[in-house]
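Residues per chain are reported as follows:
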Amino acid sequence: QVQLVESGGGLVQAGGSLRLSCAASRSIFSIDSMGWYRQAPGKQRGLVARISMSGGTNYADSVKGRFTISRDNGKNTVDLQMNDLKPEDTAVYYCRLLEGGRIYWGQGTQVTVSS
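Here the structure is a predicted model, which means the values were calculated and not measured.

(A) Highlighting the overall build of the protein. Looking only at helices and strands, the protein features zero helices and 11 strands. Tracing the protein from N to C terminus, the helices and strands come up as β-β-β-β-β-β-β-β-β-β-β. Here the protein has a C-alpha radius of gyration of 13 Å; the compact-globule value for 115 residues is 13 Å, and the two agree. Based on the C-alpha atoms only, the size of the protein along its principal axes is roughly 40 × 25 × 20 Å. Looking at the 115 residues of the protein, the share that counts as buried comes to 42%. Pairs at least 24 residues apart make up 55% of the contacts formed inside the protein by residues separated by at least 6 positions. For the protein, the exposed surface amounts to about 5900 Å²; the carbon and sulfur share of it is 48%. Positive and negative charge centroids in the protein, built from 13 and 9 side chains respectively, lie 3 Å apart.

Listed below in structure tokens is the structure:
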């Protein structure tokens, strides 16, 4: 089992930046991947960015060039740096961990971008 706790959400104006952090309750050194997903009202939850154990990354097309995912194995954290935020980035952002076929989710953190 592992618990994931997100932090860093909030309200920001368009063009601003936020940094989300996801802290795992134990080592993330041997996991398959960790990532950030988001869900806006009335929409399905979808991938924002993902980082594998080897450090490979994937991004949704809508955030490429604006968002950067990173991990710190020593601190058991995965961060999402979000720059040039747009109103369409408004959503609840969830941290997800994949390990041995099991998926774990955090409780989510709200990001609201005003125009």
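(B) Main features of unusual backbone geometry. At Asn76, a residue that is not glycine, the phi angle is positive and equals roughly 55°. Within the secondary structure, Asn76 is located in the loop between strand S7 (67-72) and strand S8 (77-82). With relative accessibility at 17%, the residue Asn76 sits in the buried group. Non-glycine residue Asp84 carries a positive phi angle of around 50°. On the secondary structure map, Asp84 appears in the loop between S8 and strand S9 (91-99). Judged by its relative accessible area of 41%, Asp84 falls in the partly exposed class.

About the cut-offs
Residues numbered from 1 in each chain as written. Predicted model: local features only at pLDDT ≥ 70, side-chain atom pairs only at ≥ 80, totals over all residues. Heavy atoms only, no water. Helix = DSSP H or I, 4+ residues; strand = E, 2+ residues; numbered from the N terminus. Rg over C-alpha atoms; globule rule 2.2 N^0.38 Å. Buried < 20%, exposed > 50% of the residue type's maximum accessible area, 1.4 Å probe, protein only. Contact = heavy atoms within 4.5 Å. Areas by Shrake-Rupley, 256 points an atom, 1.4 Å probe, with all protein chains shown as cover. Lys, Arg positive; Asp, Glu negative; His and termini not counted. Charge placed at Lys NZ, Arg CZ, Asp CG, Glu CD.

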